[in-house]
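Listed below, chain by chain, are the residues.
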Amino acid sequence: MGSGGLELPPGDPGHDGGSAGVPPGAVSLARPMEIGAELDWDADAWNEVRTRAQRAGRAYIWLNLVEQRLRAVVAAVLRPIYEPVHADDWVVAAAGPAGQEWVQRAVAVREVSRRKGYLLDPADDNVLSFLTLPQLRELMVQHWPCFEPYYDDRRDVELALDELEVTRNVVSRNRALSEAVLAQAERASSRLLNILGAGSGAPSADRLPVDAVEDLVGDRYADVIGVHPDRVRLQRQIPAEDLFGGARRLDAIGIGLNLLVQNFSGRRLVRLAESGCRVRLLFLNPASSAVKRRERELGLKKGELSRAVETNILHMRRVRARLRDPGAFEIHVFDETPRFMACLVDGDGADGLAVVQSYLRRARGMEAPVLVLRGGGRAVVRHGQDSEHGLFETYRDEFESVWGDSRPVS
């Protein structure tokens, strides 16, 4: 008899009388079983977890940058207004009656953090550091006339913050973040940082925007900002127009320079050169023995590669012939064994980009892996070591070395 006054049936269905012997009103119980759980994750589960962590990590970096920038802006604008009268309570005064609840909650969290030793930096020992992104936004919107002299359109700021809200909630609760939402958050964060006056500051950001993750941890990979399995995937992300358009200097070395010659029209090259761009092109001499060796490596017919290189050189000569200043468009050939292809855009300034490919024995240039480098002379500093230059300068020096030993094409 159970505690509720109901008779419990036997757990074993093979009991004499079977289920037919269960009196009306009896509670049915499952048979006793061994309780256990499978705690191990398989490879698919680990892959999913890592994907979630990678996306959440990227999103967190963007959100952290936006929150810090917005906090600095709010402090710079509102503190001079409220602090002279309200001293350390200026944030409470700025929040006003409408924000009394959330600002008092921030005050309480600050006190708890003080007692438990969570405040590791004295600069964070203020109420403003404990306000969330929506609360900082509320302060900004509530006092928009104070911010209006610095920012043109309140709607642009609010729309960008609206786009971030979904990501902020997902990251704060450690939920799954889709690739589409992450991409939207990265675009909104970048736009908002530019609006708030905290853009990358790198001129090359217009050609290939500086990613927040690159900006913070890029020194782990020298100045490599992109790796692509082949040239097709490179051009999906960085079309030739985005890479070469607007360049003021263009240096390229390779066998046939198909990335430039076949993907950037002669008409565009003429306009580029006429606008003041200095162009230096280094082709492998189509009559050299190195071309014949390369043909054998790739399994091409005799003379096939040399004719392709000749065609590209003739095309560039026609481009040069249309210029008012042909001296700004130089074409050279070299006779050495080709080791790599490189296109260096604005390599002499602080906004340089380079696309580099090593030549593989059995792979055409279209199929070889591609590195994208950001120049500008940025030194890579590692903990406990002397600073060192990245790969951009290495390939630029190599170009200059080969250029010095090359011969001009008339």
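Residues numbered from 1 in each chain as written. Predicted model: local features only at pLDDT ≥ 70, side-chain atom pairs only at ≥ 80, totals over all residues. Heavy atoms only, no water.

Q: Mind laying out empty space enclosed by the protein, listing which residues take part and the relevant values?
A: Counted according to the given criterion, the structure contains 2 cavities of 30 Å³ or more. The volume enclosed by the second largest cavity comes to roughly 50 Å³. Along its surface, the second largest cavity is lined by I253, F334, E336, T337, P338, R339, F340, E398 and V402. Residues belonging to the lining of the second largest cavity are distributed by class as follows: 5 nonpolar, 1 polar and 3 charged. (1 Å grid on protein atoms, 1.4 Å probe; cavity = no way out; pocket = protein on both sides within 12 Å on 5 of 7 lines; lining within 4 Å. Points joined across faces, edges and corners; volume = space filled by probe spheres on them. Nonpolar A, V, L, I, M, F, W, Y, C, P; charged D, E, K, R; others polar.)

Q: Could you give me a rundown of the nonpolar core, with the residues and numbers involved?
A: Residues F244, I253, L281, F283, M316 and F329 are the most contacted members of the largest nonpolar core, which totals 57 residues. The element best represented in this core is strand β5 (residues 340-345), accounting for 6 residues. Those residues in contact with M316 that sit more than four places away from it in its chain are V261, L269, L281, F283, F329 and I331. (Core = buried A, V, L, I, M, F, W, Y, C linked by side-chain atoms within 4.5 Å. Buried < 20%, exposed > 50% of the residue type's maximum accessible area, 1.4 Å probe, protein only. Helix = DSSP H or I, 4+ residues; strand = E, 2+ residues; numbered from the N terminus. Contact = heavy atoms within 4.5 Å.)

Q: Could you give an account of the packing of helix α1 (residues 43-86) against helix α6 (residues 154-172), with specific residues and numbers?
A: Following both chains from N to C, one finds α1 and α6 inclined at 125°, their axes separated by 10 Å at the closest point. Taken as axis vectors, α1 and α6 run oblique relative to one another. Here α1 and α6 pass one another in a crossing that is left-handed. In contact with A56, A59, Y60, L63, V66 and L70 of α1, α6 contributes L161, L164, T167, R168 and V171. (Axes fitted to C-alpha atoms, helices over the stretch in contact; angles between N-to-C directions. Parallel < 35°, antiparallel > 145°, perpendicular 65-115°, else oblique. Left-handed = near helix turned anticlockwise from the far one by under 90°.)

Q: Requested: an account of helix α12 (residues 266-274), with residues and values cited.
A: Those residues of α12 not exposed but buried are G266, R268, L269, V270, L272 and A273. One or two residues past the end of α12 sits G276, with phi positive at roughly 115°.

Q: Can you lay out the packing of helix α4 (residues 133-142) against α6 for me, pointing to particular residues and giving the numbers?
A: Running from N to C, α4 and α6 cross one another at 165°; their axes reach a closest spacing of 11 Å. Classified by the angle between their axes, α4 and α6 sit roughly antiparallel to one another. Crossing hand, α4 versus α6: left-handed. Residues L133, P134, R137, M140 and V141 of α4 touch α6, and the partners they reach there are R154, V157, E158, L161, D162, E165 and R168. Here the contact of α4 with α6 is built from residues that sort into 6 nonpolar, no polar and 6 charged.

Q: Let's hear about the side chain of H228: which residues, and what values?
A: Counting through the fold element by element, H228 comes out in strand β1 (residues 224-228). Classification of H228 by relative accessible area gives buried; the value is 9%. Once you skip the residues sitting within four places of it in the chain, H228 turns out to touch R233, L234, Q237, P369, V370 and V372.

Q: Tell me what's going on with the packing of aromatic side chains, and back it up with residues and numbers.
A: According to the stated counting rule, one finds 5 aromatic pairs in the structure shown. Pairing W144 with F147 gives two aromatic rings, centres 6.5 Å apart and planes at 20°, and the pair type is stacked. Here W144 pairs with F147, and both are found in helix α5 (residues 144-147), just 3 residues apart, close to one helical turn. Judged by its relative accessible area of 8%, W144 is buried. A relative accessible area of 0% means that F147 is categorised as buried. Residues F399 and W403 carry aromatic rings whose centres are separated by 5.8 Å and whose planes lie at 20° to one another, so their mutual orientation is stacked. In this pair, F399 and W403 are both assigned in helix α15 (residues 391-404), 4 residues apart and thus about one turn of the helix distant. Assigned by exposure class, F399 and W403 land together as buried. For R280, the ring lying beneath its charged end belongs to W403, and the centroid distance is 5.2 Å. (Phe/Tyr/Trp six-rings, centres within 6.5 Å; stacked < 30°, edge-to-face > 60°. Lys NZ or Arg CZ within 6 Å of the ring centre and 35° of its normal.)

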